[in-house]
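Tertiary structure, described
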Amino acid sequence: MTLDGEIEIMVASTVFGFQDQLSTICATISTLGYSVINSHIGTVRVNPNKSILENCLDAVRQCDAFVGVIRPYYGTGNIEERNITFEEIKLAIQLKKPYWFLVHRDVVFTKELKKHLYYLDSKGHQQPDVRIRKSNIFDERTLDIYSHVLLEGKPMRTRTGNWAQPFYRLDEALDYINAQFKSNEFITEIIKEGIH
C-alpha cells in the first residue's frame, strides 16, 4: 500500500502494440481509487543499479495485487530467454499475490485450434506436434503463458485462481476490470485473505 493507504495494483508490462489500450486500463484502475504500478505509464520505481527485469520483479513484490494481460505477442521485453511479462506473471502467482488475468481472444482461439491441427509424416501418420512460426501476428510462446495461468497439469478440481477472462475489444477488457475493481472493500478483503 502507498503511504496514504491506497492499494497498489500492478498491471503487467505487456506493451508492444498495446500502448493506448494499456494506458486506458491503467487509467480505469486509477479512477476506481487504486494506485497503479506499470512500466509503460512510468510508475515502476526504478533502481538504476538494477536491470529492467529486476526492477519489474521488484514492482511485483511491492504490489498488493496484480493484473496480467496475455496477448498474441510475446513482447520485446526479453532478457536472453526470459520474457519480462511472463516472469512478472510467474512471480505474482508464486508470491500468491491476488491476481486477475485478461487473455486476448486470438490466444484462446489459437490454443483451441492447435488441438485439432496435425501434419502427415513421411509414412502418412498423423503427427500432432504442429508448431507455429513466429510472426508479427502471433508468437506461440504466448500459449505457454496462458497454460501457466490456467494451471494446466493440475487436476481441474484442485485448481483455483485459474480464471483468465477472454477479450477482443478494449471495452470488453474494461468491463472485466470494472467488475473486479469497482468495490474497494472486495479487493481489500481478498488481499487480507491472501491466496491459498
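As the structure is a prediction and not an experimental result, all values here were calculated from the model. Just so you know, the residues in each chain are numbered from 1, in the order the chain's sequence is written. Per-residue local features are limited, in this predicted model, to residues with pLDDT of at least 70; the limit for side-chain atom pairs, both in listing and counting, is 80 or more; totals at the level of whole chains, interfaces and linings are taken over all residues. To get the side-chain values, take all heavy atoms of the structure and skip hydrogens and water.

A short note on the overall build of the protein
Helix and strand labels come from DSSP, where a helix needs a run of H or I of at least four residues and a strand needs a run of E of at least two; each type is numbered from the N terminus. Of regular secondary structure, the protein possesses seven helices and nine strands. C-alpha atoms define the radius of gyration, and 2.2 Å times the number of residues to the power 0.38 defines the globule rule. The C-alpha radius of gyration of the protein comes to 18 Å, within 12% of the 16 Å expected for a compact globule of 196 residues. Considering only C-alpha atoms, the protein reaches an extent of 70 × 40 × 30 Å along its principal axes. The rule is simple: take the accessible area with a 1.4 Å probe, protein chains only, and divide by the maximum for that residue type; under 20% is buried, over 50% is exposed, in between is partly exposed. In the protein, which comprises 196 residues, the share counted as buried stands at 43%. Any two residues whose heavy atoms approach within 4.5 Å are treated as being in contact. Summarising the internal contacts of the protein: among those between residues at least 6 apart in sequence, 71% fall at separations of at least 24. Computed with a 1.4 Å probe, the accessible areas rest on the Shrake-Rupley method; for each residue, only the protein chains presented here act as cover. When the accessible area of the protein is evaluated, it comes to approximately 11,200 Å², of which 53% is carbon and sulfur surface. Of the charged side chains in the protein, 23 are positive and 25 negative, and the gap between their average positions amounts to 6 Å. In this tally Asp and Glu are treated as negative and Lys and Arg as positive; neither His nor the chain ends contributes. Charge coordinates come from a single atom per side chain, which is NZ of Lys, CZ of Arg, CG of Asp or CD of Glu.

Some remarks on the packing of aromatic side chains
Centre distance within 6.5 Å is the pairing criterion for rings of Phe, Tyr and Trp, where only the six-membered ring of Trp is used; planes under 30 degrees apart are then read as stacked, over 60 as edge-to-face, and the remainder as tilted. Applying the stated criterion to the full structure yields four aromatic pairs. Plain terms: the ring middles of Tyr34 and Phe181 are 5.7 Å apart, the flat faces sit at 75 degrees to each other, and that makes the pair edge-to-face. Taken together, the residues Tyr34 in the loop between helix H1 (19–31) and strand E2 (35–37) and Phe181 in helix H6 (residues 170–181) connect sequence positions 147 residues apart. A single burial state applies to Tyr34 and to Phe181, both of which are buried. Three or more aromatic residues link up through ring pairs in this structure, and these residues are Tyr34, Trp100 and Phe181.

Description of the nonpolar core
Proteins that are soluble and globular tend to have nonpolar side chains buried together. Working definition of a nonpolar core: buried Ala, Val, Leu, Ile, Met, Phe, Trp, Tyr and Cys residues. They are joined through side-chain atoms within 4.5 Å. Counting residues in hydrophobic clusters, the biggest one holds 30 residues, and the most contacted among them are Phe66 and Phe101. Elements that contribute at least two residues to this core include exactly helix H2 (52–62), strand E3 (65–70), helix H3 (84–94), strand E6 (99–104) and helix H5 (141–149). Examining the composition of this core, we find that six residues originate from one element, H3, more than from any other. Beyond its immediate sequence surroundings of up to four residues, Phe101 is in contact with Phe66, Gly68, Ile89, Ile93, Val149, Trp163, Ala164, Gln165 and Tyr176. In terms of nonpolar packing, the next biggest core, distinct from the first, is built from 23 residues, Ile25, Cys26, Tyr34 and Ala65 among them.

Overview of the packing of H2 against H3
Helix packing for two helices is described by the angle between their axes and how far apart those axes are. At a minimum axis distance of 9 Å, the contact between H2 and H3 shows a crossing angle of 30 degrees. Classed by the angle they form, the pair H2 and H3 counts as roughly parallel. Handedness of the H2/H3 crossing: right-handed. Contacts from Ile52, Leu53, Cys56, Leu57, Val60 and Arg61 in H2 reach Ile84, Glu87, Glu88, Leu91 and Ala92 in H3. The residue inventory of the contact of H2 with H3, partitioned by class, reads eight nonpolar, no polar and three charged. Helix axes are fitted only over the stretch in contact, all axes being lines through C-alpha atoms; the angle between N-to-C directions runs from 0 to 180 degrees. Oblique is the label for any angle not covered by the other classes, which are roughly parallel (under 35 degrees), roughly antiparallel (over 145) and roughly perpendicular (65 to 115). Crossing chirality is assigned from the near helix's rotation relative to the far helix, an anticlockwise turn below a right angle marking it left-handed and a clockwise turn marking it right-handed. The classification used treats Ala, Val, Leu, Ile, Met, Phe, Trp, Tyr, Cys and Pro as nonpolar, Asp, Glu, Lys and Arg as charged, and all other residues, Gly among them, as polar.

Keep in mind these numbers describe shape, not what the thing actually does.
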